[in-house]
Every structure is written in structure tokens, then in C-alpha cells.
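Residue strings, one per chain:
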Amino acid sequence: MIIATYARTGSTKLGLDLAEKHNLKFMGEIEGSYLKSSGCENRKIETHETNFQPMLSDQEYYNAIYNHKDMVVLINRGGYLVLDKAAYVVVRDNPLGCCLSFADLLMRPTKGDPLHWRSVLLYTRLMFADMISLITCAVEHPDDLPIVWFEDLYPHHKQNLKYITHESIYDIARTFFTEFIEASDIHYKLDILKEKTSY
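Basis of the calculations
- Residues numbered from 1 in each chain as written.
- Predicted model: local features only at pLDDT ≥ 70, side-chain atom pairs only at ≥ 80, totals over all residues.
- Heavy atoms only, no water.
- Patch = residues over 30% accessible without salt bridge, like charges linked within 9 Å, V, L, I, M, F, W, Y side chains within 5 Å.
- Areas by Shrake-Rupley, 256 points an atom, 1.4 Å probe, with all protein chains shown as cover.
- Salt bridge = Lys/Arg side-chain N within 4 Å of Asp/Glu carboxyl O.
- Helix = DSSP H or I, 4+ residues; strand = E, 2+ residues; numbered from the N terminus.
- Core = buried A, V, L, I, M, F, W, Y, C linked by side-chain atoms within 4.5 Å.
- Buried < 20%, exposed > 50% of the residue type's maximum accessible area, 1.4 Å probe, protein only.
- Contact = heavy atoms within 4.5 Å.
- Axes fitted to C-alpha atoms, helices over the stretch in contact; angles between N-to-C directions.
- Parallel < 35°, antiparallel > 145°, perpendicular 65-115°, else oblique.
- Left-handed = near helix turned anticlockwise from the far one by under 90°.
- Nonpolar A, V, L, I, M, F, W, Y, C, P; charged D, E, K, R; others polar.

(A) Seen up close, a nonpolar patch on the surface. Among the surface-exposed residues, L122, Y123 and L126 lie close enough to one another that they form a single nonpolar patch of about 300 Å² accessible area. Counting through the fold element by element, L126 comes out in helix α5 (residues 117-140).

The structure is reproduced here in C-alpha cells:
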């Protein structure tokens, strides 16, 4: 079972919930830095609300992509590439809230060196590229996709921006994110998706 999405849509929690409900193994986010052989540190397990992200062997990683019928797999980088295979396509109606949440996640303290706030802005811009790619492909897709809205999954969600505000870059980040969001047509495309789905 594949969940196609982008960062900060509540899909890690959804994956955990689906795995429990269907008695499947949740493989977590399938992304190269979570390969044991990558040599990368697992920041997500330290900073994410779920404290969940396994480091995968090469075989586990391969199976999660190509033989995933008995597992739940989260694809939140390049999710637009697997829309035809997805059991769930999770989107969020608030691009700015999503970007601020992602930046806040990156600002959270870890055992390693902290990211410079300028790097956080760049990484967030790259995450937005995944977001608009998935939204664009979902709008253009000829079939009805299994769209699930973050706002339907978590109707009482309260945005927690503790770390980005603590570092006093909130205004800079909000301005930067608003500029690239408003320069795009993502709000128009989200409105189209709303018309095509139950949200």
C-alpha cells in the first residue's frame, strides 16, 4: 500500500494507523537517506512527532518500492511519480502552513550540527517543488485519484511553530515562503482538486 504525498501532510501518522488497522508493516518514508548503507543520520526519528522512521537494509528498501503488497510505504519525495500506484494521495490545503511546519521541523534540535536558517529556507523551497509537482499531476491526472485531505484527517490540528519562532526567523521565512507560493498557481490548482474530491 503506497501513500503518495509531500512533507508535512500527516502521512507518517496515517501510515502508522493504516499499518495497525490492516496488520501490515509500515516501512516509513522511502527516501535514500533512510538506507542503512547511505551513511546518513536519522534526523526524522529525533525530530518528528511520531518518532518513527526505520533505517532500511538495501533489500528492505528495494522491496518497499517494488514488492510492497504486504506493507505500507510512504513516498513523500517524488510522490507525483507513483500516483497510479497509490492507495492514498494526501494533500494539504494550506501551502504556507505546510512550508512553515517543514521549516520548523528542520529547526528542531538534534544530536548533530544544527542547520543554518538559510539552509532551512532552501530545503523548504525544494519541498515546495515536490508539493506543486504532486498537486499539478493530481489535477492533470485523467483518473479519479484516492485524494485525502490533511484537513479531513486532522480537523483539530493546531500548528506548532515553536522552533522557527524561537530562532527569530519567522518573519523572514513567512515572507520568503509567501513570495514563492503566490508566484505559483498552487491555490488555483488546489481549488480544482477540491472540486474533484470530497473536501
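(B) Focus on the nonpolar core. In this structure, V89, V91, M131, I135 and F177 are the most contacted members of the largest nonpolar core, which totals 49 residues. Ranked by residue count, the leading element in this core is α5, at 10 residues. In this structure M131 touches Y6, P95, C98, C99 and I186, once residues within four positions along its chain are discounted. Core analysis: the next-biggest nonpolar cluster, separate from the first, contains 11 residues, L18, F26, V72 and L74 among them.

(C) Structural view of the packing of α5 against helix α8 (residues 170-183). For the pair α5 and α8, interaxial distance at closest approach is 11 Å and the crossing angle is 25°. Between α5 and α8, the interaxial angle falls into the category roughly parallel. For the element pair α5 and α8, the recorded crossing hand is right-handed. Contacts between α5 and α8 involve W117, L121, T124, R125 and F128 from the first element and I172, A173, F176, F177, F180 and I181 from the second. Grouping the constituent residues of the contact of α5 with α8 by class yields nine nonpolar, one polar and one charged.

(D) Summary view of the environment of R108. Considering the arrangement of structural elements, one finds R108 in the loop between α4 (95-107) and α5. Residues R108 and K194, 86 residues apart in the sequence, show an inter-C-alpha distance of 32 Å.

(E) Highlighting the pattern of salt bridges. Counted under the stated rule, the structure contains eight salt bridges. Across the salt bridge formed by E31 and R77, the nearest N and O atoms sit 2.8 Å from each other. Taken as a pair, E31 in the loop between β2 (25-29) and α2 (43-47) and R77 in the loop between β3 (71-75) and β4 (86-91) lie far apart in primary sequence, 46 residues in all. Judged by relative accessible area, which is 52%, R77 ranks as exposed. Here D191 and K194 are joined by a salt bridge, their closest N and O atoms 3.2 Å apart. Highlighted residues: D191 and K194, both in helix α9 (residues 186-196), separated by three residues, approximately one helical turn. Taken together, the shared-partner salt bridges connect D93, D191 and K194 into one network.

So far we have only geometry, and geometry alone does not tell us how the molecule works.
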